[in-house]
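# Structural characterization, general
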Number of protein chains: 2
Amino acid sequence: MIKVNFTSNNKEVYCNKGDSLLDVAREADIFIDAPCNGNVSCGKCKVKLIKGNVDTEKTRHIKDEEWEQGYVLACNTKIIEDVEIEVPSKLSSSMHGMKIEGSDNKKDKEIFDRAKKIIEENNFGFKTNIEKTYIEMDEPTLDDNISDIDRIERHVRNNLGYDEIDFTLELLRKVPQIIREENFKVTITYAKHKNKITILNIESGNKEDKLYGVAIDIGTTSVVVCLVDLHTKEVIDKASSGNAQIKYGADVIHRIVYSRKENGLKELNEAIIDETINPLLESIYIKNNINKDNVVSLVVAGNTTMSSLFLGVYTDFLRQEPFIPPFLKSPKLLGNDIGLNINNNAYVFLAPSVASYVGGDITAGVLSAGIWSSEKNVLFIDLGTNGELVFGNKDYMMSCACSAGPAFEGGGISCGMRASSGAIEEVKINKETLKPTLTIIGDNKPVGICGSGIIDLICQMLITGIIDRRGKIHRDINNERIRFNEYEIGEYVLAFKEEYNLESDITVNEVDIDNFIKAKGAIYSGASVLIESLGMDFSVIDKVYIAGGIGNNLNIENSILIGLLPDIDREKFVYIGNSSLVGSYLALVSEDAKNKLKDIGNEMTYVELSVYPTYMDEFISACFLPHTNIEQFPTVRSILSEQL
Amino acid sequence: MIKVNFTSNNKEVYCNKGDSLLDVAREADIFIDAPCNGNVSCGKCKVKLIKGNVDTEKTRHIKDEEWEQGYVLACNTKIIEDVEIEVPSKLSSSMHGMKIEGSDNKKDKEIFDRAKKIIEENNFGFKTNIEKTYIEMDEPTLDDNISDIDRIERHVRNNLGYDEIDFTLELLRKVPQIIREENFKVTITYAKHKNKITILNIESGNKEDKLYGVAIDIGTTSVVVCLVDLHTKEVIDKASSGNAQIKYGADVIHRIVYSRKENGLKELNEAIIDETINPLLESIYIKNNINKDNVVSLVVAGNTTMSSLFLGVYTDFLRQEPFIPPFLKSPKLLGNDIGLNINNNAYVFLAPSVASYVGGDITAGVLSAGIWSSEKNVLFIDLGTNGELVFGNKDYMMSCACSAGPAFEGGGISCGMRASSGAIEEVKINKETLKPTLTIIGDNKPVGICGSGIIDLICQMLITGIIDRRGKIHRDINNERIRFNEYEIGEYVLAFKEEYNLESDITVNEVDIDNFIKAKGAIYSGASVLIESLGMDFSVIDKVYIAGGIGNNLNIENSILIGLLPDIDREKFVYIGNSSLVGSYLALVSEDAKNKLKDIGNEMTYVELSVYPTYMDEFISACFLPHTNIEQFPTVRSILSEQL
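Residues numbered from 1 in each chain as written. Chains lettered and ligands numbered in written order. Predicted model: local features only at pLDDT ≥ 70, side-chain atom pairs only at ≥ 80, totals over all residues. Heavy atoms only, no water.

## A short note on the overall build of chain A
Looking only at helices and strands, chain A features 18 helices and 29 strands. For 644 residues, the compact-globule estimate of 2.2 N^0.38 gives 26 Å, and chain A sits close to it at 27 Å. Expressed as lengths along the three principal axes of its C-alpha atoms, the size of chain A is roughly 100 × 65 × 45 Å. The 644 residues of chain A split such that 61% are buried. (Helix = DSSP H or I, 4+ residues; strand = E, 2+ residues; numbered from the N terminus. Rg over C-alpha atoms; globule rule 2.2 N^0.38 Å. Buried < 20%, exposed > 50% of the residue type's maximum accessible area, 1.4 Å probe, protein only.)

## Thoughts on the packing of helix H7 (residues 252-259) of chain A against helix H9 (residues 304-311) of chain A
Residues and elements named next belong to chain A. Relative to each other, H7 and H9 sit at 30 degrees, their axes nearing to 10 Å. It follows that H7 is roughly parallel to H9 by the angle criterion. You can see that H7 and H9 cross each other, and the crossing is left-handed. Residues Val252, Arg255 and Ile256 of H7 touch H9, and the partners they reach there are Thr305, Met306 and Leu309. (Axes fitted to C-alpha atoms, helices over the stretch in contact; angles between N-to-C directions. Parallel < 35°, antiparallel > 145°, perpendicular 65-115°, else oblique. Left-handed = near helix turned anticlockwise from the far one by under 90°. Contact = heavy atoms within 4.5 Å.)

## Quick notes on a nonpolar patch on the surface
A cluster of nonpolar side chains, namely Leu142 of chain A together with Val611 and Tyr612 of chain B, defines an oily patch on the protein surface of about 240 Å² accessible area. Position of valine 611 of chain B relative to the elements: it lies in the loop between strand E29 (605-606) and helix H17 (615-622). (Patch = residues over 30% accessible without salt bridge, like charges linked within 9 Å, V, L, I, M, F, W, Y side chains within 5 Å. Areas by Shrake-Rupley, 256 points an atom, 1.4 Å probe, with all protein chains shown as cover. Salt bridge = Lys/Arg side-chain N within 4 Å of Asp/Glu carboxyl O.)

## A short note on the relation of the copies chain B and chain A
With an RMSD of 0.2 Å, the operation that places chain B on chain A is a rotation of 180 degrees combined with a shift of 0.1 Å along the axis. Interpreted geometrically, this transformation is the action of a two-fold axis. Of every C-alpha in chain B, the one belonging to aspartate 337 of chain B sits nearest the axis of rotation, 5.6 Å from it. Residue by residue, 100% of the interface of chain B is reproduced at the interface of chain A, so both copies engage with the same surface. (Least-squares fit on C-alpha atoms with pLDDT ≥ 70 in both.)

## Here's the deal with the interface of chain B and chain A
A common way to state how big an interface is: give the accessible area lost once the parts meet. On the chain A side, the residues contacting the 38 residues of chain B number 39 residues. For the pair chain B and chain A, the interface holds 4 salt bridges. Close ionic contact of aspartate 166 of chain B with lysine 332 of chain A constitutes a salt bridge, the shortest N to O distance being 3.3 Å. Taken together, chain B and chain A are joined by 12 residue pairs in polar contact (both at pLDDT 80 or more). Of all the secondary structure elements, the ones that give two or more residues to the side of chain B that touches chain A are helix H5 (148-159) and helix H6 (169-181) of chain B. (Polar contact = N/O pair within 3.5 Å; in protein donor to acceptor, adjacent residues only side chain to side chain.)

## Thoughts on the sheet that holds strand E21 (residues 423-429) of chain A
Residue and element names in this part refer to chain A. Across the sheet, 3 strands lie side by side as E22-E21-E23; this open sheet has mixed pairing. The open sheet has two edge strands, strand E22 (436-440) and strand E23 (448-449), and neither has a second partner. Pairing geometry for E21 and E23, over 2 bridges, is parallel. Note on E23: the bridge partner recorded for alanine 423 is glycine 448. (Pairing = 2+ DSSP bridges.)

## Quick word on the environment of glycine 249 of chain A
Summarising the element assignment, glycine 249 of chain A is placed in the loop between strand E14 (235-242) and H7. On the basis of relative accessibility, which here comes to 0%, the residue glycine 249 of chain A falls in the buried class.

## A short note on the pairing of strand E11 (residues 196-204) of chain A
Residues and elements named next belong to chain A. Of all 9 residues in E11, 9 are buried, a share of seventy percent or more. Where strand E9 (residues 164-166) lies against E11, 3 bridges are found, and the strand directions are parallel. Pairing of aspartate 166 across the sheet is with threonine 198, part of E11. Counted along the chain from strand E10 (residues 185-192) to the antiparallel partner E11, the turn is 3 residues long.

## Comments concerning the confidence of the model for chain A
With 96% of its residues at a pLDDT of at least 70, chain A reaches an overall mean of 91. Per-residue pLDDT stays below 50 along residues 92-96 of chain A; that stretch engages in 19 contacts with residues further than four places along the chain or on separate chains. (pLDDT = per-residue confidence, 0-100.)

## A short note on the pairing of strand E2 (residues 11-15) of chain A
Sheet topology places strand E1 (residues 2-6) of chain A next to E2 of chain A; 5 bridges connect them, and they run antiparallel. When the sheet's bridge partners are listed, phenylalanine 6 of chain A is paired in E2 of chain A with lysine 11 of chain A.

## Quick look at the pattern of salt bridges
One pass over the structure, following the stated rule, counts 64 salt bridges over all chains. The partner of glutamate 631 of chain A in a salt bridge is arginine 637 of chain A, with the nearest N and O atoms 3.1 Å apart. Residue glutamate 631 of chain A is classed as exposed on the basis of its relative accessible area of 55%. Note on arginine 637 of chain A: relative accessible area 39%, which makes it partly exposed. Ionic pairing is found between glutamate 121 of chain B and lysine 117 of chain B, a salt bridge with its closest N-O pair at 3.9 Å. Of this pair, glutamate 121 of chain B and lysine 117 of chain B both sit in helix H4 (residues 105-121), 4 residues apart, roughly one helical turn. Given a relative accessible area of 52%, glutamate 121 of chain B falls into the exposed group.

## With respect to the side chain of glutamate 608 of chain A
Along the polypeptide, glutamate 608 of chain A turns up in the loop between strand E29 (605-606) and helix H17 (615-622). Although buried, glutamate 608 of chain A forms no salt bridge, and the nearest oppositely charged side chain, arginine 151 of chain B, lies 13 Å from it. Only 2.7 Å separates the side chain of glutamate 608 of chain A from the side chain of serine 610 of chain A, close enough to count as a polar contact. (Lys, Arg positive; Asp, Glu negative; His and termini not counted.)

## Details of the sheet that holds strand E12 (residues 212-218) of chain B
All names here are of chain B. Spatial ordering of the open sheet is given by E14-E13-E12-E15-E17-E16, a layout of 6 strands whose pairing is mixed. If you trace the sheet from one side to the other, it starts and ends with strand E14 (235-242) and strand E16 (333-334), each paired once. Against the sheet, helix H8 (residues 264-288) touches E12, strand E13 (222-229), E14 and strand E15 (295-302), its axis set at about 145 degrees to E14.

## Some remarks on the packing of aromatic side chains
Residues and elements named next belong to chain A. Enumeration according to the criterion identifies 15 aromatic pairs over all chains in this entry. Measuring from centroid to centroid gives 5.5 Å for tyrosine 314 and phenylalanine 317, while their planes differ by 55 degrees, and the two rings are tilted. Each member of the pair tyrosine 314 and phenylalanine 317 is classed as buried. Aromatic pair phenylalanine 391 and tyrosine 396: ring centres 6.5 Å apart, planes at 55 degrees, arrangement tilted. For phenylalanine 391, a relative accessible area of 0% puts it in the buried group. Aromatic rings pair up to connect Tyr524, Phe538 and Phe633 into one cluster. (Phe/Tyr/Trp six-rings, centres within 6.5 Å; stacked < 30°, edge-to-face > 60°.)

Take a look at the structure:
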């Protein structure tokens, strides 16, 4: 056995000669970001060899200077003897998001207000089918010696008007002792059905006030958990972190591939349940002094792959033509079924998916955006790890998925990160000095750049003439922030390490820009084909809702300028943030909204872009800044007159 | 740590100084019969000290000769140094029933025929709500790319006529791979509801023929498992063994007391599920080449305590006034909920209980006996570990429980055993020589005596003048088979060890006889008070059904002679064996019968004997052979003229 000492993590583990360093790190639960899942293509898993020799190769991701310092790609390195390895902190949890972040009260308020509006506008009941009631039963005597369960049922029948009660075995086991703790005075939490109720929890004494639910958005990159008081329907707290599945791949395809490995599916399921959602819930419970048994309802929205992995369901057929998802509608689930850190009998509901690549995050998003009740034509764009689009109004809704990749959430960008503390979210570049002015989330020192920052950056690089319309850096610029490596790949320095006392410079290179252009091209061409397929064009759009974890400060003007969004009236654009979370919140607090969500799942049409012959051409044309055909961007034309 | 070597079991274990030998044996999973659960009162846990010293005391259960040989009571012995212990084989599984016994084809046939008659007479459907159907679905294409679950649902809707399908998560996880094994040709097993079905199993290809259910009778002493083909409704096989909970006490009270110990409830639950039912099922599966996943329905009948322990539900309030059971009606259960060795999604149904001491074994027994449809007055007597009685007809049914103790199943009798291989089931004593003629189950050498044998024996001892009407052995008899120990307790030798090459003599002593007389007195006086409470007497009885594990060769004449059964026309008596098993079989194969069983649970009245002022007097009068008041036994009077 060979010893591997991860010095930065204070962890020593043993492995066999020839084992991959990335696999060894994963086994040891050491987080190394590897979006391409070990394909030696993304270059993100760069670690530093401190001591010993390894079997590795220099790749284009490693600069000469780094190579001399001992940097290697973990996925491309085999262990051959005892070694010491340092995992740069930017690869570890603080950057890639396993740090739990708390609530932003202002944002919570907005979510709540926006959701309330949807409920009011549609005359939905602001109520769920879950209730909590304190009951005082008669104590048993020799003359009144019915069973404990029959006593509860009799009381329910006589006082609450339901004929029957249902119990899980787990609750039944607790009943005899709990009902005697305070002399047959108990509080029951129950789901109401037609003429019967299902008891979800039973507590001694009067505990009527404590009744909670959780809304969750499971993104491929980020996960947000939102604790709700089911009496007042108020958001009590919110917490978010990265999706711990990231270590198995940045996008759904890499994860599906990983799920086919031995135990892969189980590891992915544990990553989302045990390593992401449960710690988020725990942090919220501790902060707000909540007992998990009082959390009796949970609504989850995630894309089709995330929904499947959340349940530990085999996903590989999603990836293979004809791309068949295992399920779309939520099966009936209790908290216990999937090991969630909530009441074991809690009701768990998944927002329905529409197809393999249009999932519950989109139906939930559409629910919260209100397209289904809109007289006007709405384009809904979700800039998540994948890009999904919905176009329609109250009469029809068409959806499609664009293979945008994870660029909008920082994936596939060498210094990319999700829109969390330390992320550069706005960039302005001085035309003379080419020096950037950065706005950083949390006003901390910069760690990386998130989606809205990249949009700004590319737009500014284009306007200031650093890059051309193909995204290539002009070779003739002489500026300390522009440099080229041995492979002739150019990069722009957003932050020198000396400026902010960082471990290394924060840079964006031509490969990153190329990745981003492909992503924005996929979205634009997807929207274009989707609307064209109905015989219309962008002029019919009345409203564009932009959702996703791209960052709150999405600059619409810049987004149009680089050709991510169509060049139409700016007034029509609204950034609606995490609409998936808002949608799951709605389904959590309103049974009517939950039913509407089910309808949306059934009624939305899925358009498979890949079968549209024009799609590939449209995509290639869109992989330009803003577009090969500048006619489609009339207002941009004048701004970019210098570049044309 | 001190070493205890159980030489007869080839097991060495370690314990602390001062630990009870019985506890150490239990920890080591060594079966030592201890019906009184360590109260030093039954004397059954006698083991032999081979080497080393222990802290123990001689009790009345240990003869001088045994004491010299090293016999001690395990419950009354503390370990103080390394010892070697021999557990006599009669204490181990072969006698007390953990040996699994197979099916008796003739008996199975009888069960089946009797049940069939009940179904026919009442125009019940001989069908369940579970079906198994082979389906051939369309394979998915890019144009027909609905999800796997939706594909199954669509096929079910179009071909089987149900709108919806329900799945457990466990099945959902398997679906994508299973349906592709044979190109979307699968066999689904499902429970039918109004307009939807719940899928219980899914297999690739056509497996329509394999569809099984299990009926179980959980007795306090014995457990019988019956495998049924749900297509033909035929009994395929049967297996029985003792209830492994016996090691924690012979009767329900001792077990309830044990359940209050730390982990006690868990141990009792594991004893019935993991140590009794699952091994029985496994033995049947192997013998008949059955896959457990094809066992999709299970019906269990047991008394109220057994039902609770089967589910692991806290039982202690059953034992405390006002004697409240946790539940009566079966909760909704799947095989997985209780760790049964059947399909995880199998439906599990418990025969309903009526009160704390009239359980599902009685409602199932009453179902199979057909009292609920009888024009005539029926007395139903269950001679199990407890005694339960039902009296009634199609208009009403009254039930009560008698604290008969376990004597009818061999408990509380020093050489008693259940009616299984090696049990003496019939006894005749030669009036001159006092030598017995024994009929032994399985024609093996005798191991002990079962209920029917004890009835015969006591009757014969009475007729031959060995005992008087109080059950005391006449002190003036001079015969090698009659002897008295140092405490002046008399005993009769049924089998000298030399006669059959046994480890020790098989004897019945005055304490045993006294225990048995109390048991039969409890039954007789219970029946008497139950019928009296309606203002009637035994003369109104048209039929007496005798159920229970007392043995197939119950001698009615002898039972009347000793005052167990009332002295009425012998033609009225029918021994119906394990009616609880027959009842659970009925509920398994006929949904109508299952519904009737639920009705019986709701409609039967429970009479609490202890509140009847006359019951104690009646009981004391009945603790005589046949009764203090011989007038109640007119036909016995002449037979016993010598003794009167």
